[in-house]
Amino acid sequence: MEYRIEKDTMGEVQVPADKYWGAQTERSRNNFKIGAEASMPLEIVHGFAYLKKAAAHTNHELGVLSQEKRDLISKVCDEILENQHNDQFPLVVWQTGSGTQSNMNVNEVVSNRSQILAGKTYDDEKVVHPNDDVNKSQSSNDTFPTGMHIACYKMVVENTIPGIEKLRDTLQEKSTAFEKVVKIGRTHLMDATPLTIGQEFSGYVSQLNHGIKALKNTLDHLSEIALGGTAVGTGINTPDGYAELVAEKIADFSGLPFRTAENKFEALAAHDAIVESHGALKQIAVSLNKIGNDIRLLASGPRSGIGEIIIPANEPGSSIMPGKVNPTQAEALTMVCAQVMGNDVAITVGGTQGHYELNVFKPVMAANFLQSARLIGDACVSFTDNCAVGIEPNYERIKEHLDNSLMLVTALNTKIGYEKAAKIAKTAHENGTKLKEEAINLGFMTAEEFDEWVKPEDMIGSMKKQ
Ligand SMILES: O=C(O)C[C@H](O)C(=O)O
């Protein structure tokens, strides 16, 4: 490999000749060989590109950066956003907790790429200095949280919420389509009184509606950005009006409603917005886990399980058992839920690590959040397209379970009382007979009365339609 020499305040460093990054990026690459598969998410790099461009424009407008430098910084940021430099950001998540090295990685790439765009060589004096120009009016302490909020907000609104809404809409369609299909209910996993598939699925729709609402409620805090706080929240080394103007420009460039944080000390030292928003993602994971479990249990069988619904057979399930089909989408969905719940623990611990003026668990919080938000969105789409859309009732099995059920006896509570009704159920269970037979044998009612009183379709309560 060919190298060139780059310098920082600690001295000279060899960097790969074909890369734009500089000395500080290379030092981080060498000092943090930890989990190379966990590189800083590209969404964070893009968040940085938005904020560096906004900072350059604001600095120029406020008279502290030349137009030439603004235009060069702006051009490179646009190139980064167009994915032209994805191979220039090699650093891992497991680095400094402030994200300084990733901030410097962006500063160095913008600086050196500007050098080339300006027709200079690496040995010439920097046209755009990584600290004095690209990082002007900034610190890692306010840029990293800003990049983090931009990345997380975008992921939630562009990927997570649309994915959940797609699944919600499909489950709503199924709920409506099956609103008259009466099946046996189960509580404690044991037979209970009947309900319709429509009612059962309406619960899933409501869970997802509440989850979406909870997630949207967190967006206001997430739209606050720390930029302008610089090192400790006081805004040292920024021109007057910088924080408000730079936030307006980020909102303008990204098309999303970012605004300057109400309190920069909170925005640097605490990442409660990330904890709060991931809390909603965890809630959604809990809901999805319940939905995925219900669906795979309802589809279990085909001969020895519950088998009340049929789900699409997408792939051969087994390498050894011919003809076996498995609820693979539910398995993938619930594995995603496990990952999100685990990420929530890492984010919770990360959120507690604000010491005085700075939280120093920023990269791990950002990476885990982005993973959760992406996984939930993607898993909802996959589960919808490859499972939920194809769900059909297994009418035969539903009827069989309903006809055999002992808990239809609950309808008799109001006719003959709980104790007689219980006697009918217990006797039928002991004798392996049906409720009707024992109700007549015990002399509690006639066959006509039983038929009149025990009608599953009349037992689905006042919640017939949701
Ligand atoms: O990198 C910076 O701008 C600041 C750094 O995170 C620090 O507070 O030491």
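What counts and how
- Residues numbered from 1 in each chain as written.
- Predicted model: local features only at pLDDT ≥ 70, side-chain atom pairs only at ≥ 80, totals over all residues.
- Heavy atoms only, no water.
- Pairing = 2+ DSSP bridges.
- Helix = DSSP H or I, 4+ residues; strand = E, 2+ residues; numbered from the N terminus.
- pLDDT = per-residue confidence, 0-100.
- Near = heavy atom within 4 Å.
- Polar contact = N/O pair within 3.5 Å; in protein donor to acceptor, adjacent residues only side chain to side chain.
- Areas by Shrake-Rupley, 256 points an atom, 1.4 Å probe, with all protein chains shown as cover.
- Disulfide = S-S within 2.5 Å.
- Buried < 20%, exposed > 50% of the residue type's maximum accessible area, 1.4 Å probe, protein only.
- Contact = heavy atoms within 4.5 Å.
- Salt bridge = Lys/Arg side-chain N within 4 Å of Asp/Glu carboxyl O.

K.L.:
For this particular structure, what's the right way to read the pairing of strand 2 (residues 11–16)?
P.N.:
Residues in a regular strand project their side chains so that they alternate between the two faces of the sheet. Here strand 1 (residues 3–8) runs beside strand 2; their pairing, made up of 6 bridges, is antiparallel. By the bridge assignment, Arg-4 is partnered in strand 2 with Val-15. Connecting strand 1 to the next strand, strand 2, in antiparallel fashion are 2 residues.

K.L.:
What is the right way to look at the confidence of the model for the protein chain in this model?
P.N.:
The predicted coordinates ought not to be read in detail in places where the model reports low pLDDT. In this model, the protein chain carries an average pLDDT of 97, and 99% of its residues clear a pLDDT of 70 or more. Interface scoring of the predicted complex returns ipTM 0.97; its pTM is 0.96.

K.L.:
Honestly, the site of the ligand in this entry has me stumped. Any pointers?
P.N.:
Taken together, Ser-98, Thr-100, Ser-139, Ser-140 and Asn-141 make up the full set of residues near the ligand. A distance of 3.2 Å is found between an oxygen atom of the ligand and a side-chain nitrogen or oxygen belonging to Ser-98. Interatomic distance of 2.6 Å between a side-chain N/O atom of Asn-141 and an oxygen atom of the ligand. In the complex, the protein chains occlude 55% of the 270 Å² of accessible area that the ligand would expose alone.

K.L.:
Could you clarify how one ought to interpret the state of the cysteines in this entry?
P.N.:
Think of a disulfide as a covalent bridge from one cysteine sulfur atom to another cysteine sulfur atom. Counting across every chain of the model gives 0 disulfides. Looking at the unpaired Cys-77, the closest cysteine sulfur is the one in Cys-152, lying at 19 Å. No disulfide involves Cys-380; its sulfur sits 8.1 Å from that of Cys-337, the nearest cysteine.

K.L.:
What exactly am I supposed to notice about the environment of Gln-115 here?
P.N.:
One can find Gln-115 in helix 4 (residues 100–117). Judged by its relative accessible area of 0%, Gln-115 is buried. Excluding residues that lie within four positions of it along the chain, Gln-115 makes contacts with Lys-120, Thr-121, Tyr-122, Asp-124, Glu-125, Lys-126, Val-127 and Val-128. For Gln-115, the side chain forms a polar contact with the main-chain oxygen of Thr-121, separated by 3.0 Å.

K.L.:
Honestly, the pattern of salt bridges in this entry has me stumped. Any pointers?
P.N.:
Any two side chains of opposite charge can pair, so long as their charged atoms come close to each other. Per the stated rule, a full pass over the model turns up 28 salt bridges. Put simply, Arg-27 and Asp-8 hold a salt bridge, and the shortest N to O gap is 2.7 Å. With Arg-27 in helix 1 (residues 23–31) and Asp-8 in strand 1, this pair connects stretches of sequence that are 19 residues apart. When its relative accessible area of 23% is taken as the criterion, Arg-27 is described as partly exposed. Lys-166 serves as the salt-bridge partner of Asp-385, at 3.0 Å between the closest nitrogen and oxygen. A residue pair is termed long-range when its members are at least 10 positions apart, and Asp-385 in helix 13 (residues 362–386) and Lys-166 in helix 6 (residues 140–177) qualify at 219 residues. Within the structure, one salt-bridge network assembled from shared partners comprises Lys-183, Arg-186, Glu-200 and Glu-308.

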